[in-house]
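Examining the three-dimensional arrangement
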Amino acid sequence: MISAQDRHRPGAAAIVVAFLLAAALVSTATRLSELLPVHDWWQVLVSPDLDSYAQVLVHDSVLPRFIIALLAGGALGLSGTIFQQVLRTPLADPSTLGVSAGAYLALAAAGLWAPALAASMREAIALAGGLTAFALVFLIAWPHRLSPISLILAGLVITFVCGAVSAAISLSYNLGMSGLFVWASGSLTQNDWSAVSRLFPYAALGCLGAAFLARPLGVLSLSDEGARSLGLSLSAVRLLSILLAVMLAAFTVSAVGVIGFVGFAAPFIARASGARRLPQRMIASVVIGAVLLLAADEALQQAARFMREIPAGAATGLLGAPLIAIFLARLPIVETPTLPAAERRNRRPLLYLAMTGVVLLALIWISLSLGPSLAGWSFASPSQVQSLLIWRLPRLAAAAAAGILFALSGTIIQRMTGNPMASPEIIGVSTGAALGILLLVLMAPAFTPLTQLGAAAAGAIVSLVAVLLMGRRSRYNPDHVLLFGIAINTAFAALIAVLLGTGLPKIYGVLQWMAGSTYSTTPTQATIAVVVAAILLSIAPFFTRWLDLLPLGAASAKGLGLNISASRAVLLLLSALSAAAATLLIGPLSFVGLMAPHIARTLGFQRALPHMIAAALAGAALTTIADFVGRVSLFPNQLPVGIVSTLIGGPYFLWLMRKQGR
């Protein structure tokens, strides 16, 4: 995947790596010299004076942090190289395949439910979680013949779902969201040498295993037939290699948390440095991964002089977006398929819409009246319902309005891009809105609901414009649009994590909101949400002709008199406003924007107007169910509607992927 121009200048990447290493070493030496004179450095390493605070700090914190950065970066670099060689895609690494998220979820769950087991079998639990996540990714991508894009899409959605489950576990046990955030974002902070002593033997074992497998792994560069003709057992080599790569990633997570994209970037830079043969790439990836993580950590520690320290994993996530964009730009371009028609056309749309509306009303009644109590589950009487309305109705109205808005945004995006698997949550529109809101909260001394909506809309527009601009080269190929959107999502999520790491007092309320909570919704906020949803839904029918023509392709739409640029600009604004308003209500991730339009399409609604109305009703029903389940499933504790929607929508997306691959 390296261009011809890059091949003629392999020294440029090596010079950059050497510069990063030199800068990291200078930074480390500078910080050490501020704590201790140079002549005491050796004593601190071999026999620190326990009565000297500075020497104890350097020996038990600074030095182990330096070593763990090298170990973790090298292990992730080697893991990414093995994954990319086995799966034959440069887009693979532990974070894009869901391995790191699976390992983290297993450790988080074990730490809560079996702390003694988690303490004694930490690495084994992480390995089991990583292997389970990768197995799910493999099964979902199998019908697609393990195509690179299907692997990465499945892996990233598994990562989303694991994150939602982790947040649900944390909230259900009344743990602080900030503590979960720090570990999930990867922290290199050390208080002793325990993490180093745990990770070092496994990293060394991984290097030995990689050396043993280097030759058979190199043969995988050939076709399967060519490899078999040389007597190679493909199944055995792939299984052992994947086990080794998952082990390296899982044990790194058990030591320092989730650190993304180092395993993605290190092999890429290794190839750019001129490492062509697999053994060379393995060695180079170990070195480059170690240097990248060390340099990133040193930069963060220098920045910590002026602000609260940021988790290393959040910062390295910024590497992911440009690298995904670079690789996608070099993948072959294929024609964009049109939006698939529904399996059947609905010949009685009014009847189906009426039935959907009745189902929604029934769900609203159940949500308002049914609930657990000390006497068990029961329906409230009319007088009791009236007394409960002040508590339940505002959050229910906000959730339903958010469902309508996400469904509206998702319908527009799916029809604009011709991709039934696109949604504002998947392609970064909701994350852009969340970033806009967060910047407003941090920078503005005061703000109103209108300014919040404006900031969210601005972030959503930036995200959607970026995705569409990057998708132009691939002619809006559905898979490329999804991955471009995920690249934007990754970049903005990393920026959000960096901002959340500032530790400002305003941040802690934002953490709860980002989980999708409607706990504190007031009647005024609920009324505004319903009004905004009604206004945007009433405006949308004026653009249904555009939404009917755009899925036909640019050439056909132009032939029918449609101004492509103007129509896309207006629809982009409408979609961004809808996603922004929904994000304000239930946070950035819910998958309702994916599920609702697809449910409407499977019911036979093909034309834009009935498709949009049916999707809005389905979206309201989905968030109503999510709000009810979140309120009663862990009574007296509660789960935010955004997390519950993600737990429903993530598996739905994966099922949809597997179904389309058959």
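Residues numbered from 1 in each chain as written. Predicted model: local features only at pLDDT ≥ 70, side-chain atom pairs only at ≥ 80, totals over all residues. Heavy atoms only, no water.

In terms of regular secondary structure, the protein chain is built from 29 helices and 2 strands. A sequence separation of at least 24 residues applies to 79% of the contacts in the protein chain between residues at least 6 apart. Summing over all exposed atoms, the protein chain offers an accessible surface of approximately 27,400 Å²; the carbon and sulfur share of this is 70%. (Helix = DSSP H or I, 4+ residues; strand = E, 2+ residues; numbered from the N terminus. Contact = heavy atoms within 4.5 Å. Areas by Shrake-Rupley, 256 points an atom, 1.4 Å probe, with all protein chains shown as cover.)

Okay, the nonpolar core next. Formed by 168 residues in total, the largest nonpolar core has its most connected members in Ile-82, Phe-83, Leu-97, Leu-217, Ile-427 and Phe-653. Of the residues forming this core, the biggest block, 15 residues, is contributed by helix 8 (residues 148-172). Not counting chain neighbours up to four residues away, the residues in contact with Leu-217 comprise Ile-82, Gln-85, Val-86, Val-237, Ser-241, Leu-278 and Met-282. In terms of nonpolar packing, the next biggest core, distinct from the first, is built from 13 residues, Phe-268, Ala-270, Ala-284 and Leu-292 among them. (Core = buried A, V, L, I, M, F, W, Y, C linked by side-chain atoms within 4.5 Å. Buried < 20%, exposed > 50% of the residue type's maximum accessible area, 1.4 Å probe, protein only.)

Turning our eyes to something else, we now look at the packing of aromatic side chains. According to the stated counting rule, one finds 8 aromatic pairs in the structure shown. Arranged with centres 5.2 Å apart and planes meeting at 40 degrees, the rings of Phe-543 and Trp-546 form a pair that is tilted. Cluster of aromatic residues (ring-pair linked, three or more members): Phe-83, Phe-134, Phe-138 and Trp-142. (Phe/Tyr/Trp six-rings, centres within 6.5 Å; stacked < 30°, edge-to-face > 60°.)

On to the packing of helix 18 (residues 382-417) against helix 26 (residues 564-586). Axis separation between helix 18 and helix 26 bottoms out at 8 Å; the angle between their running directions is 150 degrees. In terms of their interaxial angle, helix 18 and helix 26 are classed as roughly antiparallel. Note on packing geometry: the crossing formed by helix 18 with helix 26 is left-handed. Contact residues: helix 18 offers Ala-398, Ala-399, Ala-401, Ala-402, Leu-405, Phe-406, Leu-408, Ser-409, Ile-412, Ile-413 and Met-416, while helix 26 offers Arg-568, Leu-571, Leu-572, Leu-574, Ser-575, Ser-578, Ala-579, Ala-581, Ala-582, Thr-583, Leu-585 and Ile-586. Residue composition of the contact of helix 18 with helix 26, grouped by class: 18 nonpolar, 4 polar and 1 charged. (Axes fitted to C-alpha atoms, helices over the stretch in contact; angles between N-to-C directions. Parallel < 35°, antiparallel > 145°, perpendicular 65-115°, else oblique. Left-handed = near helix turned anticlockwise from the far one by under 90°. Nonpolar A, V, L, I, M, F, W, Y, C, P; charged D, E, K, R; others polar.)

With that settled, consider unusual backbone geometry. Residues other than glycine seldom take positive phi values, yet Arg-88 does so here, at roughly 55 degrees. Mapped onto the fold, Arg-88 is located in the loop between helix 4 (53-87) and helix 5 (99-113). For Arg-88, a relative accessible area of 39% puts it in the partly exposed group.

What follows deals with the packing of helix 27 (residues 592-602) against helix 28 (residues 608-632). Contact pair helix 27 / helix 28: the axes reach a minimum separation of 8 Å and the direction vectors enclose 125 degrees. As summarised for this structure, helix 27 and helix 28 are arranged oblique, according to the angle between their axes. Between helix 27 and helix 28 lies a crossing whose hand is right-handed. Counted together, Val-592, Met-595, Ala-596, Pro-597, Ile-599, Ala-600 and Arg-601 of helix 27 and His-611, Ala-614, Ala-615, Ala-618, Gly-619, Leu-622 and Thr-623 of helix 28 form the full contact between these two elements. A per-class count over the contact of helix 27 with helix 28 returns 10 nonpolar, 3 polar and 1 charged.

Another aspect to go through is a nonpolar patch on the surface. Judged by side-chain polarity, Val-531, Ile-535, Ile-539 and Phe-542 come together as a nonpolar surface patch covering roughly 390 Å² of accessible area. Structurally, Ile-539 can be placed in helix 23 (residues 523-539). Overall, Ile-539 belongs to the partly exposed group, its relative accessible area being 33%. (Patch = residues over 30% accessible without salt bridge, like charges linked within 9 Å, V, L, I, M, F, W, Y side chains within 5 Å. Salt bridge = Lys/Arg side-chain N within 4 Å of Asp/Glu carboxyl O.)

So, about the side chain of Ser-409. Within the fold, Ser-409 resides in helix 18. Residues contacting Ser-409, with those up to four places away along its chain left out, are Pro-424, Ser-575, Ser-578 and Ala-579.

Across the protein chain, pLDDT averages 82, with 85% of residues at or above 70. For the protein chain, the element scoring lowest by mean pLDDT is helix 1 (residues 4-7), at 44; helix 4 scores highest, at 93. Between residues 1-8, whose pLDDT stays under 50, and residues either more than four places distant or in other chains, the model counts 13 contacts. Confidence drops under pLDDT 50 across residues 334-343; counting only partners more than four residues distant or on other chains, this segment forms 28 contacts. (pLDDT = per-residue confidence, 0-100.)

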